[in-house]
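Structural features, examined
Next come the chains, spelled out residue by residue.
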Amino acid sequence: VDYFDIKVNNQVTRLAAAVVGACYAFEPFPTPGFCDLFTRGPDLGIATIDASYRNVPSQSTSGYDITIAYEKDFTFGSLSIDSQITYTEEDETELFPGRSFLPNGTIGEPEWVGSVQTRFERGDWTLAWTLNYTGKGDQIGYEGEDGFLAATNFSPAATNIASVDEFVTNDLSVRYSADKWEAVFAVT
């Protein structure tokens with residue numbers, strides 16, 4: 001188990017096209033800083049994006065990395081199970097003075113992520129199965145989000161999808177390794 005607590009001040013980053021989504025994703029709208037980084041043409045399509053490098057006032061993250069490993073040799077092959085799990089307590093990036101990205105636990109910033117890979121090897125053959133876990137996230141309560149979009153002159157009232165359930169994905173692969181070549185078949 002490792003604990004990490006990292007803070008970086010005065011770094012440099014490149015936002016690229018992500019500024020367009022960030023302009024509309026945060027309160028108050030238009031989001032200060034992001035919306036000034038692109039222009040629209042007469043047809044309202046995006047004409048230019050300022051994707052230059054920017055100074056980032058601060059970035060901080062803290063949490064725990066947990067690694068668990070198990071290995072066992074049998075007469076008919078060897079089994080290994082490796083897991084990597086991360087719990088993030090805090091993860092914030094202040095791209096503009098006084099303005100941060102979404103806090104930890106919101107959509108795209110899960111508190112828990114992890115993977116477990118089970119691998120069986122016998123001779124030239126390897127079978128691997130990996131489970132990947134991503135924790136839930138929601139925006140409810142962030143910047144006044146309540147999961148409801150009020151009616152306007154342009155649209156009726158609606159429910160806003162403001163949360164994502166935890167989910168697991170699976171990867172399965174079979175590998176054959178010869179002396180001078182190797183073949184892998186994988187399904188994800």
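Since the structure is predicted, the reported quantities are computational estimates derived from the model, not experimental observations.

**Observations concerning the side chain of T126**
Mapped onto the secondary structure, T126 falls in strand 8 (residues 125-134). Look at T126 and you get buried, because its relative accessible area is 9%. Sequence-distant contacts of T126, defined by excluding residues within four places in its chain, comprise R119, F120, E121, S173, V174 and R175.

**Regarding the environment of R54**
Positionally, R54 belongs in strand 4 (residues 53-74). Linking R54 and V12, residues 42 residues apart in sequence, is a C-alpha distance of 5.5 Å. In this structure, R54 is in contact with Q11, V12, T13, L15 and L37, ignoring residues within four places of it in sequence.

**Notes on the pairing of strand 13 (residues 167-177)**
As judged from the 10 bridges shared by strand 8 and strand 13, these two strands associate in the antiparallel manner. Following the sheet pairing, T130 is matched in strand 13 by D171.

**Remarks on the side chain of S62**
Examined against the element boundaries, S62 turns out to sit in strand 4. The exposure class assigned to S62 is buried, which follows from its relative accessible area of 5%. Residue contacts for S62: discarding those within four places in its chain leaves Y3, F4, D5, Y87, T88, E89 and E90.

**Things to note about unusual backbone geometry**
The bulk of non-glycine residues show a negative phi, and the bulk of peptide bonds are trans. Even without being a glycine, N10 presents a positive backbone phi close to 55°. Turning to its location among the elements, N10 is positioned in strand 1 (residues 2-14). Judged by its relative accessible area of 67%, N10 falls in the exposed class.

**Topic: the pattern of salt bridges**
Enumeration according to the criterion identifies three salt bridges in this entry. A salt bridge links R119 to D82, with the shortest nitrogen-to-oxygen separation between them at 3.2 Å. Placement of the pair is R119 in strand 7 (residues 112-122) and D82 in strand 5 (residues 77-96), with a sequence separation of 37 residues. A residue is classified by how much of its surface remains accessible, and D82, at 28% relative accessible area, is partly exposed. We note a salt bridge from E121 to R119, for which the minimum N-O separation is 3.6 Å. In this structure E121 comes out as partly exposed when scored by relative accessible area, which is 33%. Shared partners join several salt bridges into a network, and the residues in it are D82, R119 and E121.

Conventions we followed
- Sequence order as written defines the numbering, with residues in each chain counted from 1.
- Note on the predicted model: pLDDT of at least 70 is required for a residue's local features to be given, and 80 or more for side-chain atom pairs to be given and counted; whole-chain, interface and lining totals, by contrast, use all residues.
- Excluded from the side-chain calculations are hydrogens and water; all other atoms, namely the structure's heavy atoms, are used.
- Each helix is a run of H or I in the DSSP string that is no shorter than four residues. Each strand is a run of E no shorter than two, and both are numbered from the N terminus.
- Exposure categories follow from relative accessible area, calculated using a 1.4 Å probe and restricted to protein chains: below 20% of the type maximum is buried, above 50% is exposed, and the middle band is partly exposed.
- Residue contacts follow a heavy-atom distance rule, with two residues in contact if any of their heavy atoms lie within 4.5 Å.
- At least two bridges found by DSSP between two strands are what make those strands a pair.
- Salt bridges are identified by distance alone: a Lys or Arg side-chain nitrogen within 4 Å of an Asp or Glu carboxyl oxygen.

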